[in-house]
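Chain by chain, the residues:
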Amino acid sequence: MHVEGNAAGTGGHVPVMLERVLELLAPALAGPAPVVVDANLGLGGHSEALLAAHPALHLVGIDRDPFAIDFSTRRLAPFADRVTLVHASSDELASVLAKAGRPVVDGVLFDLGVSSPQLDEGERGFAYSYDAPLDMRMDTEQALTAEEVVNTYSAAELTRILRDYGEERFAPRVAGLIVKERAREAITSTKRLADIVRAAIPAATRRTGGNPAKRTFQALRIEVNAELTAFEAALPAALDALALGGRVVVLSYHSLEDRLTKQVLAARTRDTSPPGLPVPLPAHQPRFRLLTRGAELPTDEELARNPRAASARLRAAERIRVDED
């Protein structure tokens, strides 16, 4: 979950791995009129720091949560003439840039996951620590909610979501008990769902590893918001939009997002020349190079300051070739 705040009175968290994000993007933003995309704007903490660090920078911020757009509009007001904020999903990145008249950009930041207000506003139903309606929509204007998923998906569909998105070992047991319990009465609250999950997981397992509902809530959130599907489309679109020397930085918060990032970046940084050729073929040369060795983790100092950054993984790449049309 990307968790940030403070500068605009959002409670004492700073944006995750901020210094490293600024350091990685800086070389790409050194030109006369650089453009950067914050593809998951959230509370605007990374964006604010980027705008402050680069006086000529134009920032395009995208978020599907209307609250994030409203909040960041206020927060970034001092830079208003250099900011374009758009209420959209990250997988609409290419069309957002086309509409903004900026199809080529110098940097893109993805800060995936859930932002502080989504977690901290109990009534939005993201957290199992509050009793709230089962909602979990990042975009409060969309129709699908967690309540609908929990009460209408088949046992097989629920099992798949819990296994694939929550990496829940006991997915069939959890899904089975959800189906049984909802037949008695619709499941409409986060507390009832958390209690059902707890009852489905064997006692020996419950004693370790934190709240047993954590994986189920993660899985539902990803399903409701089509998070992985959006990111699967958004990351390649971001790479395609980068100018020569442009850079992408991805902050992910669970292994599914990190694995997807790793796979997409690996494919773009690979030489695909057939083996044994005396001369490398330009068409097969990689268009990008990795800027990180594996996934970078937050420092101990950052974790002491911001414990919610514990699950963060950072990967970055730079465009080193542009195809000649």
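Residues numbered from 1 in each chain as written. Predicted model: local features only at pLDDT ≥ 70, side-chain atom pairs only at ≥ 80, totals over all residues. Heavy atoms only, no water.

**Student:** How do you make sense of the overall build of the protein when you look at a structure like this?
**Tutor:** In terms of regular secondary structure, the protein is built from 14 helices and seven strands. With 325 residues in all, the protein has 54% of them scored as buried. For the protein, long-range pairs separated by at least 24 residues make up 69% of all intrachain contacts whose partners lie at least 6 apart in sequence. Of the accessible surface of the protein, which amounts to about 14500 Å², a share of 54% is contributed by carbon and sulfur atoms. (Helix = DSSP H or I, 4+ residues; strand = E, 2+ residues; numbered from the N terminus. Buried < 20%, exposed > 50% of the residue type's maximum accessible area, 1.4 Å probe, protein only. Contact = heavy atoms within 4.5 Å. Areas by Shrake-Rupley, 256 points an atom, 1.4 Å probe, with all protein chains shown as cover.)

**Student:** What am I meant to see in the packing of aromatic side chains here?
**Tutor:** All told, the structure shown has two aromatic pairs when counted by the stated rule. Taken together, a centroid distance of 5.3 Å and an interplanar angle of 70° make the contact between Phe 110 and Phe 231 edge-to-face. Linking Phe 110 in strand S4 (residues 105-111) with Phe 231 in helix H12 (residues 227-241), this pair joins segments that are 121 residues apart in sequence. For Phe 110, a relative accessible area of 0% gives the class buried. (Phe/Tyr/Trp six-rings, centres within 6.5 Å; stacked < 30°, edge-to-face > 60°.)

**Student:** What is the right way to look at the environment of Phe 217 in this model?
**Tutor:** Within the secondary structure layout, Phe 217 lies in helix H11 (residues 214-225). Overall, the relative accessible area of 3% leaves Phe 217 in the buried class.

**Student:** What is the right way to look at the sheet that holds strand S6 (residues 288-290) in this model?
**Tutor:** Sheet strands line up and pair through hydrogen bonds in the backbone, either parallel or antiparallel. One open sheet accounts for seven strands, arranged S3-S2-S1-S4-S5-S7-S6; its pairing is mixed. With partners counted over all chains shown, the strands left at the sheet margins are strand S3 (83-87) and S6, one partner each. Pairs of neighbouring strands in the sheet enclose a mean axial angle of 15°, with direction left out of account. Two strands pair when backbone bridges link them, and strand S2 (residues 58-63) and S3 are joined in this way by five bridges, in the parallel orientation. Among the inter-strand pairings, Ile 62 is bridged to a residue of S3, identified as Val 86. Each of strand S1 (35-38), S2, S3, S4 and strand S5 (242-252) is contacted by helix H2 (residues 45-53), which is oriented at about 165° to S1, the strand it contacts most. Its contacts with the sheet place helix H13 (residues 255-268) against S5, S6 and strand S7 (313-319), and it is angled at close to 20° to S7. (Pairing = 2+ DSSP bridges. Axes fitted to C-alpha atoms, helices over the stretch in contact; angles between N-to-C directions.)

**Student:** Sorry, what's going on with helix H1 (residues 18-25) here?
**Tutor:** Helical geometry: 3.6 residues make up each α-helical turn, so side chains three or four residues apart lie on a common side. Along H1, the residues that are buried comprise Leu 18, Val 21, Leu 24 and Leu 25. Burial along H1 is one-sided: seen end-on, the buried residues are contained in an arc of 135°. Exposed positions of H1 whose direction lies more than 90 degrees from the buried face are Glu 19 and Glu 23. Of the surrounding elements, those touching the buried residues of H1 are S1, H2, S4, S5 and S7. (Arc of directions from axis to C-beta.)

**Student:** Teacher, can you tell me more about the pattern of salt bridges here?
**Tutor:** Pairing is possible between side chains that carry opposite charge, provided their charged atoms lie close to one another. Tallying each qualifying case throughout the model produces 15 salt bridges. A salt bridge links Glu 181 to Arg 192; the shortest N-O distance between them is 3.4 Å. Taken together, the positions of Glu 181 in helix H8 (residues 171-184) and Arg 192 in helix H9 (residues 190-200) put the pair 11 residues apart, joining distant regions of the chain. For Glu 181, a relative accessible area of 16% gives the class buried. (Salt bridge = Lys/Arg side-chain N within 4 Å of Asp/Glu carboxyl O.)

**Student:** What is the right way to look at the pairing of S5 in this model?
**Tutor:** For a regular strand, side-chain orientation follows a simple rule: the groups alternate between the two sheet faces. Summarising burial for S5: nine of the 11 residues are buried, a large majority. Two strands pair when backbone bridges link them, and S4 and S5 are joined in this way by six bridges, in the parallel orientation. Its bridge partner lying in S5, Phe 110 is registered against Val 250. In this sheet, S7 lies alongside S5 in antiparallel orientation, the contact comprising six bridges. Bridging from a neighbouring strand, Arg 247 pairs with Glu 318 of S7.

**Student:** What should I look at first to understand the nonpolar core in this one?
**Tutor:** One recurring pattern in soluble globular proteins: nonpolar side chains tend to sit buried together. If you look at the biggest cluster of nonpolar residues, it comprises 59 residues, and the most contacted ones within it are Val 37, Leu 93, Val 108, Phe 110, Leu 193 and Val 248. Non-local contacts of Val 37, meaning those with residues more than four positions away in its chain, are made with Val 60, Ile 62, Leu 93, Leu 97, Val 105, Gly 107, Val 108 and Leu 109. Of all hydrophobic cores here, the second largest spans 23 residues; its members include Met 17, Leu 24, Leu 109 and Ala 309. (Core = buried A, V, L, I, M, F, W, Y, C linked by side-chain atoms within 4.5 Å.)

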